[in-house]
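What follows is the residue order along each chain.
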Amino acid sequence: MPLATPTLSTARLRLRPVTDADGDDLFALHSDARVLRYWDSPPWTDRSRADRFVAMCRTIEEDGTGARVAVERASDGAFVGWCGLFDWNPDFRSATLGYVLGEAMWGNGYATETAHALLRWAFGTLPLNRVQSETDTRNAASARVLEKLGFVHEGTLREDCVVNGDVSDSWVFGLLRRDWDALDQA
């Protein structure tokens, strides 16, 4: 069953479905080696990867397994990045959260603001019990974002990623509905 990708607004940001018009911005984001240094795949070198990403956004919406949103700054429409909820499993009532923001947008609280808006939508729309997220153990900034959102560090996946011969570990974070409800009501 399809899962309609939402359009959401925060004080500073607009989250909306990814469109074909986002292709160049997505390619610029995912081809930046600094932005992708902690990602689980190498930077893109082929512009067609952006088109496949946009198509995958439509596919996960149509098959009901997730929703990815493009994020833009409300004040000027500048592309900030994307955030997604994917691997939605209605049997386990679980999903995975991921996000990527352009380097120029780092340090402004946009990742936390974006993920909070998408989580509020997800917990309000789906019968979610758990959201999981993983981050490279070297990515302390992403770990802080998850902790601000109420995620709890649950463990470490040792040597779970190999990108261009570089082996890295990942931290696993989890957020339960009861914890979200307690934080979101505070």
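Residues numbered from 1 in each chain as written. Predicted model: local features only at pLDDT ≥ 70, side-chain atom pairs only at ≥ 80, totals over all residues. Heavy atoms only, no water.

A. Structural view of the pattern of salt bridges. One pass over the structure, following the stated rule, counts twelve salt bridges. Arg 14 is the salt-bridge partner of Glu 72, the closest N and O atoms lying 2.8 Å from each other. Residue Glu 72 is located in strand β3 (residues 67-73), and its partner Arg 14 is located in strand β2 (residues 13-17); the two are separated by 58 residues in the primary sequence. Assessed through its relative accessible area of 15%, Glu 72 is described here as buried. Overall, the relative accessible area of 34% leaves Arg 14 in the partly exposed class. Here Arg 16 ties to Glu 72 by a salt bridge, and the two come within 3.1 Å at their closest N and O atoms. Placement of Arg 16 in strand β2 and of Glu 72 in strand β3 is noted, with a sequence separation of 56 residues between them. (Salt bridge = Lys/Arg side-chain N within 4 Å of Asp/Glu carboxyl O. Helix = DSSP H or I, 4+ residues; strand = E, 2+ residues; numbered from the N terminus. Buried < 20%, exposed > 50% of the residue type's maximum accessible area, 1.4 Å probe, protein only.)

B. Structural detail: the layout of surface pockets. Roughly 1,200 Å³ of internal volume is contained in the largest pocket. What lines the largest pocket is a set of 47 residues, among which Trp 39, Tyr 99, Val 100, Asn 139 and Ser 142 lie closest to the centre. Across the lining of the largest pocket, the residue classes break down as 21 nonpolar, 15 polar and eleven charged. (1 Å grid on protein atoms, 1.4 Å probe; cavity = no way out; pocket = protein on both sides within 12 Å on 5 of 7 lines; lining within 4 Å. Points joined across faces, edges and corners; volume = space filled by probe spheres on them. Nonpolar A, V, L, I, M, F, W, Y, C, P; charged D, E, K, R; others polar.)

C. Here's a closer look at the pairing of strand β8 (residues 166-176). Where strand β6 (residues 130-136) meets β8, seven bridges bridge the pair, whose relative direction is antiparallel. When the bridges of β8 are listed, Val 131 appears paired with Leu 175. In this structure, strand β7 (residues 152-163) lies alongside β8, joined through eight bridges in antiparallel fashion. By the bridge assignment for β8, Val 162 is matched with Val 167. (Pairing = 2+ DSSP bridges.)

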